[in-house]
Amino acid sequence: MELAYIPSPSTGVVHLGPIPLRGYAFCIIIGVFAAVWLGNKRWIARGGKPGTVADIAVWAVPFGLVGGRLYHVITDYQLYFGEGRNWVDAFKIWEGGLGIWGAIALGAVGAWIGCRLRGIPLPAWADALAPGIAIAQAIGRWGNWFNQELYGRATDLPWAVEISDGPNRVGGTYHPTFLYESLWCLGVAALVIWADRRFKLGHGRAFALYVAAYCAGRAWIEYMRVDEAHHILGLRLNVWTAITVFVLAVVYFAVSAKLRPGREEVVEPDRGPAASDPAAAKPAGAKDAAEAADAASGEGKGAEGKGAEALAADAKGAGAEAVAVKAGAEAAEVKGAGAAAPAAGPAAPKADLAKPAPAAEKAPAQAGGAADAPGADTL
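For every chain, the first residue of the written sequence is number 1, and numbering continues from 1 along that sequence. Only residues with pLDDT of at least 70 are given local features in this predicted model, and only at 80 or more are side-chain atom pairs given and counted; all residues enter the totals for whole chains, interfaces and linings. Hydrogen atoms and water are omitted, and side-chain values are computed over all heavy atoms in the structure.

**Student:** Teacher, can you tell me more about the overall build of the chain here?
**Tutor:** A run of H or I in DSSP becomes a helix once it reaches four residues, and a run of E becomes a strand once it reaches two; helices and strands are each numbered from the N terminus. Summing up its helical and strand segments, the chain has twelve helices and six strands in all. Relative accessible area decides the class of each residue, using a 1.4 Å probe on protein chains only: under 20% of the type maximum gives buried, over 50% gives exposed, and in between gives partly exposed. A total of 379 residues make up the chain; the buried ones form 35% of that total. At a minimum sequence separation of 6, the contacts of the chain that also span at least 24 residues come to 71%. Per-residue and other accessible areas follow the Shrake-Rupley method at a 1.4 Å probe size, with only the shown protein chains counted as cover for residues. With an accessible surface of roughly 21,700 Å², the chain has 68% of that area assigned to carbon and sulfur atoms. Throughout, a contact is declared for two residues whenever any of their heavy atoms are within 4.5 Å.

**Student:** Would you mind going over the packing of helix α1 (residues 23-45) against helix α5 (residues 122-140) with me for this structure?
**Tutor:** A pair of packed helices is captured by two measures, namely the crossing angle of their axes and the spacing between those axes. Here the axes come from fitting lines to C-alpha atoms, over the contacting stretch only for helices, and the angles between their N-to-C directions go from 0 to 180 degrees. Put simply, α1 and α5 touch, their axes get as near as 7 Å, and they point 150° apart. It follows that α1 is roughly antiparallel to α5 by the angle criterion. The two elements α1 and α5 cross, and the hand of that crossing is right-handed. Of the residues in α5, those in contact with Cys27, Ile28, Ile30, Gly31, Val32, Ala34, Ala35, Leu38, Gly39, Arg42 and Trp43 of α1 are Ala124, Trp125, Asp127, Ala128, Leu129, Pro131, Gly132, Ile133, Ile135, Ala136, Ile139 and Gly140. Its residues assigned to classes, the contact of α1 with α5 shows 17 nonpolar, four polar and two charged. Our angle categories are set so that under 35 degrees counts as roughly parallel, over 145 as roughly antiparallel, 65 to 115 as roughly perpendicular, and the remainder as oblique. For any helix crossing, the convention is left-handed if the near helix is rotated counterclockwise from the far helix by under a right angle, and right-handed if that rotation is clockwise. For this classification, Asp, Glu, Lys and Arg are treated as charged, while Ala, Val, Leu, Ile, Met, Phe, Trp, Tyr, Cys and Pro are nonpolar and the rest, including Gly, are polar.

**Student:** What is the right way to read the packing of aromatic side chains from this model?
**Tutor:** The geometry of an aromatic ring pair is captured by the separation of the ring centres together with the interplanar angle, meaning the angle of the planes. Centres within 6.5 Å make a pair out of two Phe, Tyr or Trp rings, where for Trp the six-membered ring is used; the pair is then stacked when the planes are under 30 degrees apart, edge-to-face when over 60, and tilted otherwise. Evaluated as defined, the whole model comprises eleven aromatic pairs. Measuring from ring centre to ring centre gives 5.7 Å for tryptophan 194 and phenylalanine 199, while their planes differ by 90°; the resulting arrangement is edge-to-face. The exposure class of tryptophan 194 is partly exposed, given its relative accessible area of 48%. A relative accessible area of 47% means that phenylalanine 199 is categorised as partly exposed. Taking 5.5 Å as the distance between ring centres and 55° as the angle between the ring planes, the aromatic pair formed by phenylalanine 207 and tyrosine 210 counts as tilted. Taken together, the residues span about one helical turn, with phenylalanine 207 and tyrosine 210 both in helix α8 (residues 205-224) at a distance of three residues. Through a chain of ring-to-ring contacts, the aromatic side chains of Trp101, Phe207, Tyr210 and Tyr214 assemble into a single cluster.

**Student:** Explanation requested: α8 in the structure shown.
**Tutor:** The span expected for a helix works out to 1.5 Å for each residue beyond the first. The terminal C-alpha atoms of α8, which comprises 20 residues, lie 29 Å apart, in line with the 28 Å expected from a rise of 1.5 Å per residue. Most of α8 sits inside the fold, with 16 of its 20 residues counted as buried.

**Student:** I tried to follow the environment of alanine 208 on my own but got confused; where do I start?
**Tutor:** Position of alanine 208 among the secondary structure elements: in helix α8. For alanine 208, a relative accessible area of 6% corresponds to the buried category. C-alpha separation for the pair alanine 208 and valine 192, spaced 16 residues apart in sequence, amounts to 9.5 Å. Those residues in contact with alanine 208, other than ones at most four positions away along the chain, are Ala249, Tyr252 and Phe253.

Take a look at the structure:
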């Protein structure tokens, strides 16, 4: 006799008039909103714009839902295409059946499209959303409780979940593997948030940590389940999937840390350095402004100095030209006087000496005019 157990709801649907309200769908929707809300806060903290996470989620969520359903239908095809089954049931997503592996894989394709349209690096967006995805999974797993599915082996533990008789199930108390996974996902979200703050994870490493941590828990939880599944070498298919994805996530984390250490400084091209590091963003702008002002001041001073040098050179050149012209005129005067004296002879020394006097008076005047003339340097 069980002393305590978790009761299951008698039905997973509540009708509001003609509108059915399904617990499974509500859990999925609430999980999506929680992921977008937390992802938006983390994105803004990294320097992104408000609303960017939601804009990209518009692409990622529909792709994720389709991918999750496709994975479930493909891996459990006998439930929809076996003898006596109706293939139309494959489209009844509200009855449960979403594979997280397909949801993440195809959801990433949708996110990639959204990021490309916004010019945003997908790894940075995934890092911001990673803990939110884990919380969304924690909430979404309670949808399995409404549908009385995804339980483990029979047990009489106080936290066992009661399952009623129904199609493909036998009534009794079982391990609530949906609850185990829900709690594990909350722990994963806390781990990613702590590690991201402590180590400044970037370039997709926060998302890789989420994937690796989730797979580590999913492997042992999956091993406890008793619902129908395909087996490979004695292990359920999802156990092998969890092991494979875990290895890939760890390899990506290690390689990324070596090739691209640190975190992205800019997550949206038109936002500048990440707002989470104001000490790096604000002084950088001040420094650039100071450097620009110094450069402008230096150019002004350089131009002023060059102008002064040019004026000095011009003045010096003009003075030199004037001196040269004056010296030339004096030399010409002396030479003319010396040449005139022998030609005149002793008979008329006074008259010959008096004749060059006007020329001597005229030469300085010409020299002074040549010094002032612009073309004086041709002499």
